[in-house]
Amino acid sequence: LYCTTSQRYTLYSLLQQIAPPSAGHIVGQQQLTSYLQKALSDGPRNVVLFLQDKMSIEDFTMYGGAFGNKQDTAFPNLEGALMSSSSPLVLPAVSWPASNAVIGQLQDHLDTSPLYMDPETLSQLRLNASSPALLVFRLPADLMSAKEILSGNDEVIGQVMSTMKTQAVPYTAIYTALRPARVRRTGSRMNTLFLPSVSLQEGEDTCILLWAKGLSVSILRSGRWEDHDLTPSTFGEAVSPKLHGSSCDKTKAKWVGPCGAFRDHIDTHQRHYKVSARRWFTLDSVQLEYDSIKAKFNASRSVYAPAEFSYRCQSVSSFRWPQLVPHAVNDPANHAALYSIQGFNVTGGDFSYASDCAGFFSPGIWMGLMTSLLMVLVLTYGLHMIMQLRTMDRFDDPKGPAISVPQTE
Amino acid sequence: MLLEWMMNGHAILYTGVTLAFWTTILVVGLCYTIFDLGFRFDVAWFLTETSPFMWANLGIGLAISLSVVGAAWGIYITGSSILGGGVKAPRIKTKNLVSIIFCEAVAIYGIIMAIVISNMAENFTGTTPETIGARNYQAGYSMFGAGLTVGFSNLFCGICVGIVGSGAALADAQNANLFVKILIVEIFGSAIGLFGVIVAILQTSKVKMGD
């Protein structure tokens, strides 16, 4: 974005009164408005707006001949205009809702409606220094390569500039775009394929975070095992589960699932452990309520993590690598796959570092390593002994007679 | 002289391996510390997740193998002396076989203990530390300990008897009176192997593996 005024008016101090933005600073709507106000109130009331579809600072870096190859630049007219202008201003980063609204803002400031033109129609127009005019040139962005688009746009700019010179009227020119060429994603990836996590809000802060890829229970009902999938009711996108009965404070956190045929209660607590000198949280129990039966599962043996971290496991279930141990024998199986939970010290809406239930080496790997190491030690020992065996060679004399061993006793 | 020592292939190899090993340990430890993941270094997890069967069988294997190493080493030392001395003094051959028998006894202790320990290994149903139970863990560790005990005792006993026996043979070749006196030294050396066996029996006396 830059504003130029023609050479006629020596208003070089105009825009230098406003401090240019610092490097890396993104100019927001308010700031842009103030720049425009300054430029339009004190400067010429004729505004030429070049509007590109997409723009980014990288385009100027790549194609502007910035690497010592000035002759390859795609912006000769633009650079010429900047240099000849008496009051140029470059805003390297403008937030795109602001740049999108620049037409509207200019319209308001100048109190005139925009005229959409192209270089041919401009020569037919007669401009007046006193009456305001807003001329908008939509620069084409066909499916050509970026460099061709930019060169083409620069050509248009050059033609318009020369036409304006012949008009001999002071004007302000603005070159910007409707949207950025590259959208920068900050923060974590958007996993729209995955279900969002359920969180318990305690006022402003999030208290408990729970996420699972799937949640299913199987119960023994009238002699038969039935499977029920609770995933959509708990984690579905359109669902905001009512977590009545959930609570959390500094040491205990309780998560109660949404009301329905099946209800999940998850109890966790955190405390300080003296031996390891840090706070840990454990998932004490998972209770499943259905048909007025309460089935309880203990999980404190395996679901634990330091209090600052979250716990994550591929599968938390009471069968198949069971993490949940049922209290009584005939309790139903409770299964949740790809599971993350954090009950305390939640900052922001994201899980903290996930203490995974699977370590780097599995027990089998450790056993194999131990045994292999032992055998390698044995091999090394044996090899060393064999390699330092030496036969007696003190009396070896290759040129002398062979020894004779008498046959008698 | 250092250069000559360094030119030795053995020295380079051992130095290199030791250096690599300790560097790995250091780097891994540093990473655990820097990233505040020290809580994942869990010795209890290692001891409870590894199978008691591994420990038991390691004990059995070490019992016999270390004993045999001791016996073999002793026999090779004594045997070469007897054979060498026997060239010039053939009368020592028969008497000095006693030294060889002492060394062999060490190997016999080892195999007896290996059989005794392996008879204690039973099947158990249980895959998690709770279901395996404390008794099975105790059995696994006891068998490992007993195997180590008898193995190392017999290893050093065998070497000891071997070196003394070699001396006995060479002394006997010079002077026949010396043999009986040196035999007493050998008997003392042999007793220490027996100590190892006794302690190993005590360690495995309370072992009961199974459900």
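Residues numbered from 1 in each chain as written. Chains lettered and ligands numbered in written order. Predicted model: local features only at pLDDT ≥ 70, side-chain atom pairs only at ≥ 80, totals over all residues. Heavy atoms only, no water.

Bringing the confidence of the model for chain A into the picture now. Any segment with low pLDDT has predicted coordinates that should not be analysed in fine detail. Residue and element names in this part refer to chain A. In this model, chain A carries an average pLDDT of 74, and 78% of its residues clear a pLDDT of 70 or more. Here strand 15 (residues 325-326) is the element of chain A with the lowest mean pLDDT, 63, and helix 9 (residues 363-387) is the one with the highest, 90. Per-residue pLDDT stays below 50 along residues 185-194; that stretch engages in five contacts with residues further than four places along the chain or on separate chains. (pLDDT = per-residue confidence, 0-100. Helix = DSSP H or I, 4+ residues; strand = E, 2+ residues; numbered from the N terminus. Contact = heavy atoms within 4.5 Å.)

With that out of the way, let us pick up the side chain of aspartate 267 of chain A. Residue placement: aspartate 267 of chain A occurs in strand 10 (residues 262-273). In this structure, aspartate 267 of chain A is in contact with Ala253, Lys254, Thr282, Leu283, Asp284, Ser285 and Gln287 of chain A, ignoring residues within four places of it in sequence.

Another point: the nonpolar core. Residue and element names in this part refer to chain A. Counting residues in each nonpolar core, the largest one holds 29 residues, and the members touching the most others are Phe262, Ile266, Leu283 and Tyr311. Elements represented by at least two residues in this core include exactly strand 6 (205-221), strand 9 (252-256), strand 10, strand 11 (278-290), strand 12 (293-298) and strand 14 (310-317). For this core, the element with the highest residue contribution is strand 6, accounting for seven residues. Once residues within four sequence positions are removed from consideration, phenylalanine 262 is found in contact with Val217, Ile219, His228, Leu230, Leu288, Glu289 and Tyr290. Core analysis: the next-biggest nonpolar cluster, separate from the first, contains 26 residues, Met55, Leu122, Phe137 and Ala173 among them. (Core = buried A, V, L, I, M, F, W, Y, C linked by side-chain atoms within 4.5 Å. Buried < 20%, exposed > 50% of the residue type's maximum accessible area, 1.4 Å probe, protein only.)

Right, let's get into the state of the cysteines. If you walk through the whole model with that rule in mind, you get one disulfide over all chains. In this model cysteine 313 of chain A forms its disulfide with cysteine 357 of chain A; the gap between the sulfur atoms is 2.0 Å. Across the S-S bond of cysteine 313 of chain A and cysteine 357 of chain A the torsion is about 70 degrees, and the bridge reads as right-handed. In this pair, cysteine 313 of chain A sits in strand 14 while cysteine 357 of chain A sits in the loop between strand 17 (354-356) and helix 9, placing the two residues 44 residues apart along the sequence. Of the cysteine sulfurs around cysteine 160 of chain B, a residue in no disulfide, the closest is that of cysteine 157 of chain B, at 6.4 Å. (Disulfide = S-S within 2.5 Å.)

With that settled, the discussion passes to the environment of alanine 107 of chain B. Residue and element names in this part refer to chain B. Of note, alanine 107 is situated in helix 6 (residues 97-118). Given the relative accessible area of 13%, alanine 107 is considered buried. Separated by 44 residues in sequence, alanine 107 and alanine 63 place their C-alpha atoms 9.6 Å apart. Apart from the residues within four sequence positions on either side, alanine 107 is in contact with Ile64, Ser67 and Ala71.

Residue-level contacts link 23 residues of chain B with 27 residues of chain A. With both sides pooled, the region where chain B packs onto chain A buries about 2,100 Å², and carbon together with sulfur makes up 68% of that total. Across the contact surface, chain B and chain A share one salt bridge. A salt bridge links arginine 278 of chain A to aspartate 36 of chain B; the nearest nitrogen and oxygen atoms lie 3.4 Å apart. Linking chain B with chain A are four residue pairs in polar contact (both at pLDDT 80 or more). Secondary structure elements with two or more residues in the side of chain B that touches chain A: helix 2 (9-34), helix 3 (43-49), helix 4 (52-88) and helix 7 (129-132) of chain B. For the side of chain B that touches chain A, the element with the highest residue contribution is helix 4 of chain B, accounting for seven residues. Counted by class, the side of chain B that touches chain A contains 14 nonpolar, three polar and six charged residues. (Buried area = accessible area lost by both parts, 1.4 Å probe. Salt bridge = Lys/Arg side-chain N within 4 Å of Asp/Glu carboxyl O. Polar contact = N/O pair within 3.5 Å; in protein donor to acceptor, adjacent residues only side chain to side chain. Nonpolar A, V, L, I, M, F, W, Y, C, P; charged D, E, K, R; others polar.)

Attention now moves to the packing of aromatic side chains. This model, assessed by the stated rule, comprises 16 aromatic pairs over all chains. For the pair phenylalanine 360 of chain A and phenylalanine 361 of chain A, a centre-to-centre distance of 5.0 Å together with 50 degrees between the ring planes defines the contact as tilted. A relative accessible area of 27% places phenylalanine 361 of chain A in the partly exposed class. Centroid distance phenylalanine 53 of chain B to phenylalanine 124 of chain B: 4.6 Å. Interplanar angle 15 degrees. Geometry classified as stacked. Here phenylalanine 53 of chain B is found in helix 4, whereas its partner phenylalanine 124 of chain B is found in the loop between helix 6 and helix 7, with 71 residues between them in sequence. (Phe/Tyr/Trp six-rings, centres within 6.5 Å; stacked < 30°, edge-to-face > 60°.)

If you check helix 2 of chain B, its first and last C-alpha atoms are 37 Å apart, about what 26 residues at 1.5 Å a residue would give, namely 38 Å. Directly beyond the C-terminal end of helix 2 of chain B, a positive phi value near 55 degrees is found at aspartate 36 of chain B. (Expected span 1.5 Å × (residues − 1).)

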